[in-house]
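Structure at a glance
Now for the letters of each chain:
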Amino acid sequence: LPAVTSPCKILKCNSEFWAATSGSHHLGTEEAPEFCTALRAYAHCTRRTARTCRGDLAYHSAVHGIEDLMVQHNCSKDGPTSQPRLRTLAPGDSQERSDSPEICHYEKSFHKHSAAPNYTHCGLFGDPHLRTFTDTFQTCKVQGAWPLIDNNYLNVQVTNTPVLPGSTATATSKLTIIFKSFQECVDQKVYQAEMDELPAAFADGSKNGGDKHGANSLKITEKVSGQHIEIQAKYIGTTIVVRQVGRYLTFAVRMPEEVVNAVEDRDSQGLYLCLRGCPLNQQIDFQTIRSAQATEGRARRKGPSLPAPPEAFTYETATAKCREKLPVEDLYFQSCVFDLLTTGDVNFMLAAYYAFEDVKMLHSNKDKLHLYERTRDLAPGNTAPLGTFPTLWVALLCLSQCWFGLL
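As the structure is a prediction and not an experimental result, all values here were calculated from the model. (Residues numbered from 1 in each chain as written. Predicted model: local features only at pLDDT ≥ 70, side-chain atom pairs only at ≥ 80, totals over all residues. Heavy atoms only, no water.)

The next point concerns the sheet that holds strand β7 (residues 189-194). Whether parallel or antiparallel, the strands of a sheet pair through hydrogen bonds between backbone atoms. Reading across the sheet, the four strands line up as β4-β5-β6-β7 and stay open at both edges, with antiparallel pairing between neighbours. At either end of the open sheet lies a strand with only one pairing partner, and these are β4 (144-150) and β7. For this sheet, the mean angle separating the axes of adjacent strands, direction not counted, is 20°. Here β4 pairs with strand β5 (residues 154-162) via six bridges, running antiparallel. Across the sheet, the residue bridging to Ala145 is Thr159, located in β5. (Pairing = 2+ DSSP bridges. Helix = DSSP H or I, 4+ residues; strand = E, 2+ residues; numbered from the N terminus. Axes fitted to C-alpha atoms, helices over the stretch in contact; angles between N-to-C directions.)

Okay, structure coming up:
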């Protein structure tokens, strides 16, 4: 099945502009013509993809950004549009501003005379599996666009698409992060990634928070080209990690509780997966199906009675494969087994592995790295109790429907 991708090519335009300008947006007068040439090429690229990008937030952000840069650099809209690569900054010619205002460093500004902030973690990976800010672990369907985070400082939205035709198994194919303008620290910035497009810059081509005095309190760093980026938002004490593993994206964040709960009206806020978890009707009874998978694997040795998995994985071969990267049989290991059986794609093993690596880096409580069963500490009605469908025949029915849907 061909990858599901958006016809809007704004990410390609952004990447080409960033490559042409080498990350230098504070150019001397002698380089203004080259910068204007790159801007005109950028504008031409956006016009070519305008018809397919009408509803794309990153596209509109780029268009407005181009207009602003044209005015700032006195660029004419008429002229050459080739993209000469501009010189990089000389050694020591850094854009870092050591005199950034204190308000743009979360720990310095909000906790100068008190204890260090309490950090929380949320992650989304695989089929997809969600670990909330309260360390609740859920496996969800959530097909289409869903909000992961929605507070006073930023919004994060993911889009999940079916892994195989007719399957309820979905994975993250698109991610949009909006950092809202904040005092003298950062301008509003949009980051957008999708399958086979993991940019190392914001939608407007920049790598920091813009032209404000504390702009470098928001920065993007490329760890592995096309596979792993990290966004540091020091002004809200937040670190975000985005990866592409195989065809799909993973997301992980470390955020202070104060920022997590910074909403105007929490009671009427609506859905916010990292805080509230997936709706009950979107959750998959993970452990019941896992038990059925093990039972089906034992039954297959005596004579198969259920359809075969989409690829070659049996319960035994899936568990053996997952142990290669995840030796502890926690929920990350179990997610790996579940995903190999439901998708047949070995990249889902790597997604679970990297998700746990991100937990080790981002979670503030090292005693909570491993989770062994789903917790029930969210509001009533927001979690599916363990063993919601305890009878084996229901589990086998669910599993059978899953396999038939995949075949």
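Next, the rest of the story.
Applying the stated rule across the entire model yields six disulfides. Here Cys140 engages in a disulfide with Cys278; their sulfurs sit 2.1 Å apart. Torsion about the S-S bond of the Cys140 and Cys278 cystine: about 100°, corresponding to right-handed handedness. Residue Cys140 is located in strand β3 (residues 137-140), and its partner Cys278 is located in the loop between α6 (273-276) and β12 (283-284); the two are separated by 138 residues in the primary sequence. This pair shows no difference in class: Cys140 is buried, exactly as Cys278 is. Residue Cys322 pairs covalently with Cys336 via a disulfide, S to S 2.0 Å. Taking the torsion about the S-S bond as the criterion, the Cys322 to Cys336 disulfide, at about -90°, is left-handed. With a gap of 14 residues between them, Cys322 in helix α8 (residues 315-323) and Cys336 in helix α9 (residues 331-343) connect regions that are remote in the sequence. Cys336 matches Cys322 in its accessibility class, with the two residues each being buried. (Disulfide = S-S within 2.5 Å. Buried < 20%, exposed > 50% of the residue type's maximum accessible area, 1.4 Å probe, protein only.)

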